[in-house]
Amino acid sequence: MSAPEFSRIERLDRIGEAARTVEIMADPAECAALARRFGLIAVEGLAARFAVRRAGTTVFASGTVEARVVQACVATGDPVPASIDMPVALRFVPDTAPSAADEIEIDADALDSIGYAGGAIDLGEAAAETMALALDPFPRSAGADAALKAAGVLSEEEAALAASPFAALGALAGKPGDAL
C-alpha cells in the first residue's frame, strides 16, 4: 500500500483528554496528487480544522473539512467547480480484526470509525477521504441538459411519460391511416 498523498500524522502521546485544535492544509503538490487519485480536474485547496482528544486508546476528532475542487461534468466533460464545507465527527480506534462472534450495534449517534495501527492517527488521510465522500457523484455543467438531449437521453419526466400506458395509446391514435 502506498503512502497517502496528504498525510498529517498526529502521535497519540501528543493527544490528551482535553481537546486540542489541529489545523491542516494541503500544499499544491498534495492537491495535484489528490486530484489524480480521486479523478478530479483539480483540487484547488483542502484544509481541515479538528478538535482532537483521547479517551484511552480511542481518539475523537470533530471539526470541518473545506475544499475547492473542479470536477468533470458527467455529460460534457466541462469543468464544474464545487466548494465543500463539511462538518465531521470521527472516532479513531485501534485496528483489530473482529471475530464472527462480535456483535456490532450502530445507533443514530454513531461516529464514523477509522482504524489505526501503531501510536498515531492520520488526520490528513481522514480529511482527504471526507472530501471524496462529499463530492457530487454526478456533477453537471450548465450545458449538460442540452448535451444529454442531443444524445437522445430522456429526462426523468420524459422517461416516465414515455413509459405511461397513455403514451402508447396516444402513439397509436396519432398514426395516420390507422383505423381504430
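In this text, all values refer to a predicted model and were calculated from it rather than measured experimentally.

S.K.: Break down the overall build of the protein chain for me, citing the residues and quoting the values.
M.R.: Each helix and strand in the protein chain was counted, giving five helices and seven strands. Scanning the protein chain from its N terminus toward the C terminus, one meets helices and strands in the order β-β-α-β-β-β-β-β-α-α-α-α. For the protein chain, the proportion of its 180 residues judged to be buried stands at 27%. Sequence separation of 24 or more characterises 62% of the internal contacts of the protein chain that already satisfy a separation of 6 or more. Put simply, the protein chain shows about 11500 Å² of open surface, and 57% of that area lies on carbon and sulfur atoms.

S.K.: Tell me what's going on with the pattern of salt bridges, and back it up with residues and numbers.
M.R.: Side chains that differ in charge, positive against negative, can pair when their charged atoms come close. Overall, the coordinates contain six salt bridges when judged by the stated rule. When the shortest N-O distance is used, the salt bridge between Glu 5 and Arg 37 registers 2.8 Å. With Glu 5 in the segment before strand 1 (9–11) and Arg 37 in helix 1 (residues 28–38), the pair connects residues that are 32 residues apart, well separated along the chain. Taking relative accessible area as the criterion, Glu 5 reaches 26% and is therefore assigned partly exposed. According to the relative accessible area criterion, Arg 37 is partly exposed, its value standing at 34%. Across the pair Arg 37 and Glu 125 runs a salt bridge whose closest N-O atoms are separated by 2.7 Å. Taken together, the residues Arg 37 in helix 1 and Glu 125 in helix 2 (residues 123–134) connect sequence positions 88 residues apart. By relative accessible area, Glu 125 is classed as buried at 13%. Through salt bridges that share partners, Glu 5, Arg 37 and Glu 125 make up one connected network.

S.K.: How would you sum up the pairing of strand 5 (residues 79–94)? Please name residues and give values.
M.R.: Pairing of strand 4 (residues 58–72) with strand 5 involves 14 bridges; the strand directions are antiparallel. By the bridge assignment, Glu 66 is partnered in strand 5 with Asp 85. Between strand 4 and strand 5, which pair antiparallel in sequence order, lie six residues; one of them, Gly 77, sits at a positive phi of approximately 80°. Alignment of strand 5 against strand 6 (residues 112–116), held across five bridges, turns out to be parallel. Paired with Val 93 across the strands is Gly 115, a residue of strand 6.

About the criteria used
Residues numbered from 1 in each chain as written. Predicted model: local features only at pLDDT ≥ 70, side-chain atom pairs only at ≥ 80, totals over all residues. Heavy atoms only, no water. Helix = DSSP H or I, 4+ residues; strand = E, 2+ residues; numbered from the N terminus. Buried < 20%, exposed > 50% of the residue type's maximum accessible area, 1.4 Å probe, protein only. Contact = heavy atoms within 4.5 Å. Areas by Shrake-Rupley, 256 points an atom, 1.4 Å probe, with all protein chains shown as cover. Salt bridge = Lys/Arg side-chain N within 4 Å of Asp/Glu carboxyl O. Pairing = 2+ DSSP bridges.

These figures capture arrangement, not role.
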